[in-house]
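# Analysis of the macromolecular model
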Amino acid sequence: MIKVLIADDQAMVRQGFGALLGAQPDLVVVGDAANGADAVSAARRLDPDVVLMDVRMPVLDGLAATRQLLDGRSRDKPPRVLILTTFDLDDYVYEALRAGASGFLLKDAPAADLVNAVRVVAAGDGLLSPSVTRRLIAEFAARPGQHRPRPVSLTTLTDRETEVLRLIARGRSNSEIAADLVVAEQTVKTHVGRILSKLGLRDRAQAVVVAYESGLVTAGE
């Protein structure tokens, strides 16, 4: 069973999402929170696999709460955070991913998409909708050129792993990467796993951020 915690300042949203997810045979809602501070406290107490985190909440907003949960000091295995918001804004997209969130989904997404998002994130995959991917790329495109040295960790990647990372950063799925490189999809999965392990990343969402921030990939390539 995938344990889920719902953090949103609107009671109707918490109840609606709770009913939807609780009706799934493989999901169980272990608790909810009306603000970011309560979300952090509840997550540490209830040990969920996935936290659905609203961005705009009182006391502590969702981005700050995400940073606290994923700072690497509180738990050996922190929960995956799926950001849910009505605000499809550039700053939220980028900052949520920088804070360590595994995915970003708009609240008006279809119910089936929300359920699938929880399962995808729980399985360890990052979830970026096409609109979010476009905004993330636009964020870097709008920045002045920064010639920062490439992180040492990237030099540990093989040429093929570097190529796979570039394709991940462009939003390609495993099956699409396999077709591009003319290899089996399982081979791509193996490469992805090695990339995440070598770079100390949790999922593909973080890999996208690292690829752009390091200059390995630039917007418009």
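What counts and how
Residues numbered from 1 in each chain as written. Predicted model: local features only at pLDDT ≥ 70, side-chain atom pairs only at ≥ 80, totals over all residues. Heavy atoms only, no water. Helix = DSSP H or I, 4+ residues; strand = E, 2+ residues; numbered from the N terminus. Buried < 20%, exposed > 50% of the residue type's maximum accessible area, 1.4 Å probe, protein only. Contact = heavy atoms within 4.5 Å. Areas by Shrake-Rupley, 256 points an atom, 1.4 Å probe, with all protein chains shown as cover. Salt bridge = Lys/Arg side-chain N within 4 Å of Asp/Glu carboxyl O. Polar contact = N/O pair within 3.5 Å; in protein donor to acceptor, adjacent residues only side chain to side chain. Expected span 1.5 Å × (residues − 1). Arc of directions from axis to C-beta.

As a further point, take the overall build of the chain. Across its full length, the chain holds 10 helices and six strands. Within the span of the chain, comprising 221 residues, buried residues form 47% of the whole. Put simply, of all contacts in the chain between residues at least 6 apart along the chain, 66% involve residues at least 24 apart. As presented, the chain carries roughly 10,600 Å² of accessible surface, and 50% of it is formed by carbon and sulfur atoms.

Turning next to the environment of A39. Mapped onto the elements of the fold, A39 is located in helix α2 (residues 36-46). Using a relative accessible area of 0% as the deciding quantity, one classes A39 as buried. A39 sits 22 residues away from D61 along the chain, and the two C-alpha atoms are 9.9 Å apart. Ignoring anything within four residues of it in the chain, the contact list for A39 reads L5, A7, A33 and M53.

Turning next to unusual backbone geometry. Its identity as a non-glycine residue notwithstanding, D47 has a phi of 55°, on the positive side. Within the secondary structure, D47 sits in the loop between α2 and β3 (50-54). For D47, a relative accessible area of 36% translates into the label partly exposed. You will see that V59, though not glycine, has its phi angle at about 70°, which is positive. For V59, the position within the fold is in the loop between β3 and α3 (62-69). In this structure V59 comes out as exposed when scored by relative accessible area, which is 69%.

Count 3.6 residues to each turn of an α-helix, and residues three or four apart come out pointing the same way. Burial of helix α10 (residues 204-213) is extensive: eight of the 10 residues sit out of reach of the surface. Within the sequence span of α10, burial applies to R204, A205, Q206, A207, V208, V209, A211 and Y212. Looking one or two residues beyond α10, the residue adopting positive phi is G215, at roughly 85°.

A few words on the pattern of salt bridges. According to the stated counting rule, one finds seven salt bridges in the structure shown. Of the charged contacts, one joins E161 and K198 as a salt bridge, the two residues approaching to 2.9 Å between their closest N and O atoms. Taken together, the residues span a long stretch of sequence, with E161 in helix α7 (residues 159-169) and K198 in helix α9 (residues 185-199) at a distance of 37 residues. Assessed through its relative accessible area of 3%, E161 is described here as buried. Sharing partners across several salt bridges, the network here consists of D8, D54 and K107.

Moving on to the side chain of Q24. Assignment of secondary structure puts Q24 in the loop between α1 (11-22) and β2 (27-33). There is a polar contact of 3.0 Å between the side chain of Q24 and the backbone oxygen of L20. Other than its neighbours up to four places away in sequence, Q24 contacts V115 and R119.

Moving on: α9. The end-to-end C-alpha distance of α9, which contains 15 residues, comes to 21 Å, matching closely the 21 Å that a straight helix rising 1.5 Å per residue would cover. Residues of α9 that are buried include every one of V188, H191, V192, I195, L196 and L199, and no others. Down the axis of α9, the sector holding all buried residues measures 130°, keeping them to one side. Opposite its buried face, α9 presents the exposed residues Q186 and S197, each directed more than 90 degrees away.

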